[in-house]
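# Secondary and tertiary structure notes
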Amino acid sequence: MSTDSTPRVLSIQSHVVHGYVGNKSAVFPLQVLGFEVDAINTVQFSTHTGYKHVKGTILKNEEMAELMEGLALNEVDYYTHFLTGYSRSPDSLKQIASIITKLKQKNQNLIYVCDPVMGDNGKMYVPDEVLPVYRDILVPLADILTPNQFEAEQITGLTMNDLDGALKIIDALHGKGVKTVVLSSTDLGDEENMIGIASNKDSCYKIVIPKFGATFTGTGDLFAALFMAWSHKTNKNLKLTLEKTIATLQHIVKDTFDKARAVQPTGKVSSALIELRLVQNKTTIEDPKIIIEATKIKG
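The sections below set out a description of the structure shown in this document. (Residues numbered from 1 in each chain as written. Predicted model: local features only at pLDDT ≥ 70, side-chain atom pairs only at ≥ 80, totals over all residues. Heavy atoms only, no water.)

### Notes on the overall build of the chain
Our working definition: Numbering of helices and strands runs from the N terminus, with a helix taken as a DSSP run of H or I at least four residues long and a strand as a DSSP run of E at least two residues long. C-alpha atoms define the radius of gyration in this analysis, and the globule rule sets the expected value at 2.2 Å times the number of residues to the power 0.38. Think of it in three bands: with a 1.4 Å probe and only protein chains considered, a residue is buried below 20% of the maximum accessible area for its type, exposed above 50%, and partly exposed in between. In this description, contact between two residues means that some pair of their heavy atoms is separated by no more than 4.5 Å.
Of regular secondary structure, the chain possesses nine helices and twelve strands. Taken over C-alpha atoms, the radius of gyration comes to 18 Å for the chain, in line with the 19 Å a tight globule of 299 residues would show. By its C-alpha atoms, the chain is 55 × 45 × 40 Å across when sized along the principal axes. Per-residue burial over the chain gives 51% buried out of 299 residues. A separation threshold of at least 6 residues defines the contact pool for the chain, and within that pool the share at least 24 residues apart is 68%.

So, in structure tokens, the structure goes:
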């Protein structure tokens, strides 16, 4: 058991040598925000899969078990937070569920943040067998859940055509035992904006998220990490957590996009040019200036 008040997170996500997705997107911001981060990399790839050539290795389940065993034997497996993201295999997700159970035996106040990465824009980019494991096993264990619209619809079997539909989906997720539900992005906005929604048992807020003319990778991983961090730092102030998270993301995405366009003024921006500029925006991560306020929907 740790006597230090520093929050400690175990983050089980993918890793890339170059660029920012998975743990590469989450670890640095969490460290900047004062978290001790222990990271297990589910894959080690040269780059994210949006590049033409991807090389690397996938962590086997027995290898993950061995790493966890080493932490336990050395009695350094005490955590305040547990964060999971992209996983391609149902077996690895079941293994994560057993890890949560063990970590909660060490610290019953452990906060599990689950980013149920399955797909976007109407299509799955993980095997279909992953869905029931999230729906029936992991989601009920989550304290904070950060799906996008597509993932939330898949988990609940409901569709979101308007705000009322979004609230029904959120209620269904609360019904599975999730304390805080955050829809990281929905199509409820317009051509210029997406809408994000965050809800806990007391209140619900929505926030406008301006779109940029490019598809960024690693923003969802960054969103989950930032939301977890600010939830801790603001003592679970839902409105402020949502605002700080979006303020950070928007600043980084805008800076990344502007710098990319300066190099490549027209056409589809190449993957290499829109790797998130995290290091260059360290001061923003530490102290984001809130420009867009969240508005209360209910509570």
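### Some thoughts on the sheet that holds strand 1 (residues 8-16)
To keep it simple, the criterion reads: Strand pairing is assigned whenever DSSP detects at least two bridges linking the two strands. Lines fitted to C-alpha atoms define the axes here, with helix axes fitted over just the stretch in contact, and angles between the N-to-C directions of these axes take values from 0 to 180 degrees.
With respect to topology, ten strands assemble into an open sheet ordered 3-2-1-4-5-8-9-10-11-12, the strand pairing being mixed. The sheet is open, and its two edges are formed by strand 3 (56-58) and strand 12 (295-298), each paired on a single side. Most of the contacts of helix 1 (residues 22-32) go to strand 1, to which it runs at about 145°, and overall it touches strand 1, strand 2 (36-45) and strand 4 (81-84). Where helix 6 (residues 163-175) meets the sheet, it contacts strand 8 (144-145), strand 9 (180-186), strand 10 (193-199), strand 11 (204-210) and strand 12, and its direction lies at approximately 145° from that of strand 9.

### Looking at unusual backbone geometry
What you tend to see is this: most non-glycine residues have negative phi, and most peptide bonds are trans. Notably, Glu-75 is not glycine yet its phi reads approximately 55°, a positive angle. Assignment of secondary structure puts Glu-75 in the loop between helix 2 (61-73) and strand 4. On the accessibility criterion, Glu-75 (67% relative accessible area) is exposed. Even without being glycine, Asn-121 reaches a positive phi, approximately 50°. For Asn-121, the position within the fold is in the loop between strand 6 (119-120) and strand 7 (123-124).

### Description of the packing of helix 3 (residues 90-106) against helix 4 (residues 130-138)
In plain terms, the rule: Should an angle fall under 35 degrees it is taken as roughly parallel, and over 145 as roughly antiparallel, whereas 65 to 115 is taken as roughly perpendicular and any remaining angle as oblique. Note: crossing handedness is left-handed where the near helix turns anticlockwise from the far helix by less than a right angle, and right-handed where it turns clockwise.
Between helix 3 and helix 4, the least distance of the axes is 9 Å, while the angle of their chain directions is 15°. By the angle class used here, helix 3 and helix 4 are roughly parallel. Handedness of the crossing formed by helix 3 with helix 4: right-handed. In contact with Pro-90, Leu-93, Lys-94, Ile-96, Ala-97 and Ile-100 of helix 3, helix 4 contributes Val-130, Val-133, Tyr-134, Ile-137 and Leu-138.

### Concerning a negative patch on the surface
Let me state the cut-off plainly: Patch membership needs two things, relative accessible area over 30% and no salt bridge, and members are linked within 9 Å if like-charged or within 5 Å if nonpolar (Val, Leu, Ile, Met, Phe, Trp, Tyr). In this description, accessible areas are obtained by the Shrake-Rupley approach with a 1.4 Å probe, and a residue is regarded as covered only by the protein chains that are shown. Salt bridges are defined as contacts in which a side-chain nitrogen from Lys or Arg sits within 4 Å of a carboxyl oxygen from Asp or Glu. The convention is simple: Lys and Arg are positive, Asp and Glu are negative, and His and the chain ends are not counted. Lysine's charge is taken at NZ, arginine's at CZ, aspartate's at CG and glutamate's at CD.
On the surface, Glu-62, Glu-63, Glu-66 and Glu-69 cluster together into a negatively charged patch. According to the relative accessible area criterion, Glu-69 is partly exposed, its value standing at 47%.

### A few points about the state of the cysteines
Cut-off, in case you're wondering: The rule for a disulfide is simple: a pair of cysteine sulfur atoms within 2.5 Å.
Applying the stated criterion to the full structure yields zero disulfides. Cys-114 takes part in no disulfide bond, and the closest cysteine sulfur, belonging to Cys-204, lies 19 Å away. Take Cys-204: its relative accessible area is 0%, and that puts it in the buried class.

On their own, these measurements won't tell you what the molecule is for.
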